[in-house]
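# Chain and residue survey
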Amino acid sequence: MRSFSLGEIANQLSLKLIGDSRCEITGLGTLSGAQAGQLSFLSNPSYIRQLVATQASAVIVDQRFADASPGNVLISDQPYVSFAYASELFSSRPIVKPGVHETAYVSPLAKISSSAHVGANAVIEDGVEIGDNVFVGPGTVIGRGVVLGSDCVLHANVTLYHSVYLGCRVCVHSNAVIGADGFGFAFDGEKNIKIQQLGRVRIGNDVDIGAGTTIDRGTIEDTVIDQGVKIDNQVQIGHNTHVGAHTVICGCTAIAGSAKIGKFCVLGGASGMVGHLSLADGVQVSAMSLVSRSITEPGAYSSGTGQMKLSDWKRAIVRFQQLDRMARRLKELERLTDKN
Amino acid sequence: MRSFSLGEIANQLSLKLIGDSRCEITGLGTLSGAQAGQLSFLSNPSYIRQLVATQASAVIVDQRFADASPGNVLISDQPYVSFAYASELFSSRPIVKPGVHETAYVSPLAKISSSAHVGANAVIEDGVEIGDNVFVGPGTVIGRGVVLGSDCVLHANVTLYHSVYLGCRVCVHSNAVIGADGFGFAFDGEKNIKIQQLGRVRIGNDVDIGAGTTIDRGTIEDTVIDQGVKIDNQVQIGHNTHVGAHTVICGCTAIAGSAKIGKFCVLGGASGMVGHLSLADGVQVSAMSLVSRSITEPGAYSSGTGQMKLSDWKRAIVRFQQLDRMARRLKELERLTDKN
Amino acid sequence: MRSFSLGEIANQLSLKLIGDSRCEITGLGTLSGAQAGQLSFLSNPSYIRQLVATQASAVIVDQRFADASPGNVLISDQPYVSFAYASELFSSRPIVKPGVHETAYVSPLAKISSSAHVGANAVIEDGVEIGDNVFVGPGTVIGRGVVLGSDCVLHANVTLYHSVYLGCRVCVHSNAVIGADGFGFAFDGEKNIKIQQLGRVRIGNDVDIGAGTTIDRGTIEDTVIDQGVKIDNQVQIGHNTHVGAHTVICGCTAIAGSAKIGKFCVLGGASGMVGHLSLADGVQVSAMSLVSRSITEPGAYSSGTGQMKLSDWKRAIVRFQQLDRMARRLKELERLTDKN
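What you see is a predicted model; the values in this text were computed from it and never measured. (Residues numbered from 1 in each chain as written. Chains lettered and ligands numbered in written order. Predicted model: local features only at pLDDT ≥ 70, side-chain atom pairs only at ≥ 80, totals over all residues. Heavy atoms only, no water.)

## Topic: empty space enclosed by the protein
Inclusion rule: The rule is simple: put a 1 Å grid over the protein atoms alone, call a set of points where a 1.4 Å probe fits but cannot get out a cavity, call an open set with protein on both sides within 12 Å along at least five of seven lines a pocket, and count a residue as lining if it has an atom within 4 Å of a point. Grid points are joined across faces, edges and corners, and a volume is the space filled by probe spheres set on the points. Only Asp, Glu, Lys and Arg are considered charged in this grouping, and only Ala, Val, Leu, Ile, Met, Phe, Trp, Tyr, Cys and Pro are considered nonpolar; every other residue, Gly among them, is considered polar.
Throughout the structure, instances matching the rule amount to nine cavities of 30 Å³ or more. Of the volumes computed, that of the largest cavity is approximately 240 Å³. Together, 18 residues line the largest cavity, and Cys 252 and Ala 270 of chain A, Cys 252 of chain B together with Cys 252 and Ala 270 of chain C are the ones closest to its centre. By residue class, the composition of the lining of the largest cavity is 12 nonpolar, six polar and no charged. Taken as a whole, the second largest cavity encloses approximately 110 Å³ of empty space. What lines the second largest cavity is simply Asn 175, Gly 212 and Gln 234 of chain A, Asn 175, Gly 212, Thr 214 and Gln 234 of chain B together with Asn 175, Val 177, Gly 212, Thr 214 and Gln 234 of chain C. Residue composition of the lining of the second largest cavity, by class: one nonpolar, 11 polar and no charged.

Okay, structure coming up:
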């Protein structure tokens, strides 16, 4: 198990330390769950009671909570961000052992940095270029002509189709599929004729892509994910979509084709967007809401009815289906009452 | 094709047989679809007409329907449960041939029971422990330090990240991913900093996990799935979630992080739960409903509007968006009418 | 880069050419994005301004727009369909190099056409039959007894369980899983007993299946997808379902078990169907709508509330939950007003 002195941690995170710099930190914990040897943090002031009672050996807090902390303290303007950096120290991400595993297949026409790792039973096709310190997990398949920037991590059983481009420090979780065909057909009156999908997928630096997520290649132009975008598991991103920098897309979200999504948006879990819509920068969509019209102003948007007991809900949806008639009856009453 | 005499089946299922014990049963059928040689069942009394007319060579029924059955009869208090056990006899699940396939890669630091099977092109990393009679399908990747109890079945192309723990008799279908990083980031005002996910995933005995399902590892503590939980395809379970014993989660359900789900719950297909909520034991959520507040009482809950013809629905949603104004107009009318 | 003379394209697509048959076409473009050397099309007359200004070297248009086109013209009654056929010429789909890759595992009991390709680290189990010109991508696993008709394309990391049947020209994208167990359990009062899933999956000719899609095998009878059905990414199709010919199922749709879906239906993205329902031919379901009752008439159906600003929406859902009471208050007012 890794461990660090609190002094080392303060140094690495550039934080002011109040307390014992030799205190040995062996891991992280929540305020309420932490044990001796662990580092915790207070970000939301409503947890102050847990701070006071914590068993953690040290906490990361804002200056104003320093006195309330029972043990050693690291002072941060952004305790949650500092905690994120601290978590990095204890990361169990794959270690990149340079070299190609003996069971992997690598095309002789691929160029792989000598510092990159290619895992067991991975497949690297013709013309692939893999940058420094890249980790390619076991069973991962990289199609012809793919380019991976440095420090990418592709976990096990990822699939990249041909000609996909990834920037640097992109992390792709297992069973994600990047570059499959977009869903485009022309109906000839009897059957659907496939529109070949001739574009690519381009992913910027520092993008995270969750397990089972699918990002389709463009029809003619490319599908583009800008730098810093964070995508959770089982998200579907249709062809020709453009996702702006630093946008966050939560799990199971379904984005139909040709969407233009701004920067710093947040799409809540299992939300959806119909095709050919755009979102301004800074739009937030709540969980399981459907975006059915473009949104030009930042702010929060929602759809749905909210949860109810089934018995109450059954009555409500009957009324929902009568709503137009109810509105007209209301208007009629207003007319009658007015006359009175 | 396997076949059993009806006597053998009665024996194995501990059921009373009325009829010919030598009757040869070669498979199962529905009441209406079964042919000679097949075994069927009546669970729901509303299908009694199909029972009377069935071509099945034998049926599993409750005592009170014995006389209505045209052929051989097996008597059961729980015909559907008995049918489930009967289906086991005809199962075509993978046969576990002990041994490691020549094309698999197994780390010399892994411990694999001599009765376990490791399929073609599977990858077993350092420190893995695999129990008796386990089946590891082709292309499946098992990360370092994973522990699998006895009699687990991992179908083809499953991915288990490092340090995942599975109990006994766990079944994982293809392309499921267990132990990928939870979705946690700290926003520093300019970009999102990853919170390393340091917890594990622990799965109890007799859990089933569907194809393409993803279960994320915990941030600090573990994600836990208790014994007997049944999870369908393409379900997403976020980090730190705890699912109580024998809960059933239908396909495409999206559970955000840090959920606490009770025992014997049923989450309908494509339902969702926002983060940090809890469900009491015995809660049922209907299909495509969103749980947006914790639920403390057992019972059935729902959200959504119910389905309508598009033309009617378009009018209804205009009214939905005017609903608050309608309510205030109604109140005003009541005031006026009251005055009258 | 491939290129074709416009004359060749006109020939292959059987279209009338107005202009220079020697004009070299190197790719496709949108009306507004195309450059010299590219072929575009006009399908929707509302884009006529883009037609007039296009830089494309040639366009596919209906006869009545021939004069409005600035360059070379191909005349088509169905310009979008013709464009689909043109896209075929520039397709970058995998090239089928006959033969089995040295790292693939093929059972000696499998029969593989000499014109088929089996990719690196693919696994072909006992009794599999693979037709002419089939492409099996790297890492793909084909279970025992599977039959693939000619000209199928299975991209990388696909999983077919045992006894699945695919017709001709079926395309399956990465990480799709066909034939996993349907989700069926019998509850015995204490726990859920698995119903073994003994049926198969049968897929007709010319079916497309998207990345990460799951199609479960039937319980007793088969799950059946008829010819020409187009299924997008991350769709879930439950056991015993029958999808009629030429139906289109958009991404992330969740179909519970035993559904009967007609021909030429369109299920919008992230829509859902509860179990045991049927849809007539020609039913269209809008995005993220739930089908909760069978639909016997063709036409368009929807559910949901439409999107709102979060602040407005919060008021609307409070009213939604009061809707039944509002309706009764309205009725009471009508009674009172009537009396007046």
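## Here's the deal with the sheet that holds strand S26 (residues 214-215) of chain B
Residues and elements named next belong to chain B. For clarity, the threshold we go by: Being paired, for any two strands, means DSSP has found at least two bridges between them. Working definition: helices are DSSP H or I runs of at least four residues, strands are E runs of at least two. Numbering for both runs from the N terminus.
Reading across from one edge, S9-S12-S15-S18-S21-S26-S29-S32-S35-S38 is the order of the 10 strands in this open sheet, with parallel pairing throughout. Looking at strand neighbours, the two that pair on one side only are strand S9 (105-106) and strand S38 (290-291), the edges of this open sheet. Both S9 and strand S12 (residues 123-124) contribute to a ladder of two bridges, which runs parallel. Each residue of the ladder has a partner; that of Val 106, found in S12, is Ile 124.

## Details of the side chain of Ser 113 of chain C
Residue and element names in this part refer to chain C. Short version of the rule: The buried label goes to any residue with under 20% of its type's maximum accessible area, the exposed label to any with over 50%, and the partly exposed label to all in between, with areas taken from a 1.4 Å probe on protein chains only. Any N or O atom pair separated by 3.5 Å or less is treated as a polar contact, with the protein-specific requirement of one donor-capable and one acceptor-capable atom, and with residues adjacent in sequence counted only for side-chain atom pairs. Pairs of residues are marked as contacts when any of their non-hydrogen atoms sit within 4.5 Å.
Among the structural elements, Ser 113 can be located in the loop between strand S10 (111-112) and strand S11 (117-118). By relative accessible area, which is 14% here, Ser 113 ends up buried. Here Ser 115 takes part through its side chain, which lies 2.9 Å from a polar atom of the side chain of Ser 113. Ignoring anything within four residues of it in the chain, the contact list for Ser 113 reads Ile 130, Gly 131, Asp 132 and Asn 133.

## Quick notes on unusual backbone geometry
All names here are of chain C. The backbone phi angle of Asn 121 is positive, close to 55 degrees, even though this residue is not glycine. Along the chain, the position of Asn 121 falls in the loop between S11 and strand S12 (123-124). Unusually for a residue other than glycine, Asn 240 sits at a positive phi of about 70 degrees. Position of Asn 240 among the secondary structure elements: in the loop between strand S29 (236-237) and strand S30 (242-243).

## Overview of the interface of chain B and chain A
For clarity, the cut-off: Each of two parts loses accessible area, computed with a 1.4 Å probe, when they are put together; buried area is these two losses added. Salt bridge, as used here: a side-chain nitrogen of Lys or Arg that lies within 4 Å of a carboxyl oxygen of Asp or Glu.
With 78 residues of chain B at the contact, the number on the chain A side is 66 residues. Regarding the contact of chain B and chain A, the summed buried area is about 5900 Å², with carbon and sulfur atoms giving 60% of it. Applying the counting criterion to the chain B and chain A interface returns four salt bridges. With a closest N to O distance of 2.8 Å, Arg 329 of chain B and Glu 334 of chain A form a salt bridge. Counting across the interface, chain B meets chain A through 23 residue pairs in polar contact (both at pLDDT 80 or more). Mapped onto the side of chain B that touches chain A, the elements with two or more residues apiece are strand S22 (185-187), strand S23 (192-194), S38, strand S39 (299-302), helix H4 (310-321) and helix H5 (323-339) of chain B. Residue classes in the side of chain B that touches chain A are distributed as 37 nonpolar, 28 polar and 13 charged. Pairing of strand S40 (residues 308-309) of chain A with S39 of chain B, which is carried by two bridges, proceeds in the antiparallel orientation. For Met 308 of chain A, the partnering residue across the bridge sits in S39 of chain B and is Ser 302 of chain B.

## Here we look at the interface of chain B and chain C
At the interface, 66 residues of chain B touch 78 residues of chain C. Each partner contributes to the roughly 5900 Å² buried at the junction of chain B and chain C, and carbon and sulfur atoms together form 60% of this total. Sorting the residues of chain B by area buried against chain C places Met 288, Gln 307 and Phe 320 of chain B first, and these three jointly supply 13% of that buried surface. At the junction of chain B with chain C, the criterion picks out four salt bridges. Close ionic contact of Asp 208 of chain B with Lys 194 of chain C constitutes a salt bridge, the shortest N to O distance being 3.8 Å. Counting the contacts that link chain B with chain C gives 23 residue pairs in polar contact (both at pLDDT 80 or more).

## Concerning the relation of the copies chain B and chain A
Let me state the cut-off plainly: For the least-squares superposition of copies, only C-alpha atoms count, and only for residues with pLDDT at least 70 in both.
Note on the copies: chain B fits chain A at an RMSD of 0.0 Å, the axial shift is 0.0 Å, and the rotation between them is 120 degrees. Expressed as a symmetry operation, the mapping of one chain copy onto the other fits a three-fold axis. Within chain B, Gly 304 of chain B has its C-alpha nearest the rotation axis, a separation of 3.4 Å.

## A word on the state of the cysteines
Keep this limit in mind: Disulfide assignment relies on a single distance test, namely cysteine sulfur atoms paired within 2.5 Å.
Scanning all chains against the criterion turns up zero disulfides over all chains. Looking at the unpaired Cys 265 of chain B, the closest cysteine sulfur is the one in Cys 250 of chain B, lying at 12 Å.

## Observations concerning the pairing of strand S7 (residues 72-75) of chain C
All names here are of chain C. Of the two faces of S7, the one lined by Asn 72 and Leu 74 and the one lined by Val 73 and Ile 75 are each fully buried. Relative to S7, strand S2 (residues 16-18) is paired through three bridges, and the arrangement is antiparallel. For Ile 18, the partnering residue across the bridge sits in S7 and is Val 73.

## Thoughts on the packing of aromatic side chains
Rules: Aromatic pairing here means that ring centres of Phe, Tyr or Trp (its six-membered ring) are within 6.5 Å. Orientation follows from the plane angle: under 30 degrees is stacked, over 60 is edge-to-face, and everything else is tilted.
The final tally for this structure, using the stated rule, is 18 aromatic pairs over all chains. Ring geometry for Phe 183 of chain A against Phe 185 of chain A: centres 5.1 Å apart, planes inclined by 80 degrees, an arrangement best described as edge-to-face. The exposure class assigned to Phe 185 of chain A is buried, which follows from its relative accessible area of 14%. Look at Phe 320 of chain B and Phe 320 of chain C: their rings are 6.1 Å apart centre to centre, the planes differ by 70 degrees, and that puts the pair in the edge-to-face class. In this pair, Phe 320 of chain B sits in helix H4 while Phe 320 of chain C sits in helix H4 (residues 310-321), so the two residues belong to two different chains. Taken as a pair, Phe 320 of chain B and Phe 320 of chain C share a single burial class, namely buried. Chaining the aromatic ring pairs together yields one cluster made of Phe 41, Tyr 80 and Phe 83 of chain A.

## Structural notes on the packing of helix H1 (residues 6-13) of chain B against helix H3 (residues 79-89) of chain B
Residues and elements named next belong to chain B. Convention followed: Axis lines are fitted to C-alpha atoms, over the contacting stretch for helices. Their N-to-C directions set the angle, which ranges from 0 to 180 degrees. Orientation categories follow fixed angle ranges, with anything under 35 degrees roughly parallel, anything over 145 roughly antiparallel, 65 to 115 roughly perpendicular, and all other angles oblique. Less than a right angle of anticlockwise turn of the near helix away from the far helix marks a crossing as left-handed, whereas a clockwise turn marks it as right-handed.
Interaxial distance between H1 and H3 falls to 10 Å at its minimum, and their mutual angle equals 120 degrees. Judged on the interaxial angle alone, H3 and H1 are oblique. As for the relative orientation of H1 and H3, their crossing is right-handed in sense. Contacts from Ile 9, Gln 12 and Leu 13 of H1 reach H3 at Ser 82, Tyr 85, Ala 86 and Leu 89.

## Focus: the environment of Gly 199 of chain B
Residue and element names in this part refer to chain B. Its place among the elements puts Gly 199 in the loop between S23 and strand S24 (201-203). For the pair Gly 199 and His 101, spaced 98 residues apart in sequence, the C-alpha separation works out to 32 Å. Beyond its immediate stretch of four places on either side in the chain, Gly 199 contacts Arg 217, Gly 218, Thr 219, Ile 220, Glu 221 and Asp 222.

## Points about H1 of chain B
Residues and elements named next belong to chain B. Note the cut-off: Taking the helix axis as origin, the arc is that swept by the directions to the C-beta atoms.
Considered for burial, the residues of H1 that qualify are Leu 6, Gly 7, Ile 9, Ala 10 and Leu 13. One face of H1 carries all of its buried residues, which in axial projection span an arc of 160 degrees. Of the exposed residues in H1, those oriented more than 90 degrees away from the buried face are Asn 11 and Gln 12. Following H1 by one or two positions, Ser 14 has its phi on the positive side, about 55 degrees.

## A look at the domain arrangement of chain A
To be explicit about the condition: By convention here, the domain bounds are inherited from an automatic or database domain assignment.
Taken domain by domain, chain A holds domain 1 (4-89) and domain 2 (310-339). The distance between the C-alpha centroids of domain 1 of chain A and domain 2 of chain A comes to 56 Å.

## Here's the deal with the sheet that holds strand S16 (residues 147-148) of chain B
Residues and elements named next belong to chain B. The sheet built from nine strands is open, its strands ordered S10-S13-S16-S19-S24-S27-S30-S33-S36 with parallel pairing. Among the strands making up the open sheet, the edge pair consists of strand S10 (111-112) and strand S36 (278-279). Two strands pair when backbone bridges link them, and S10 and strand S13 (residues 129-130) are joined in this way by two bridges, in the parallel orientation. Across the sheet, Lys 111 pairs through a bridge with Glu 129, a residue of S13.

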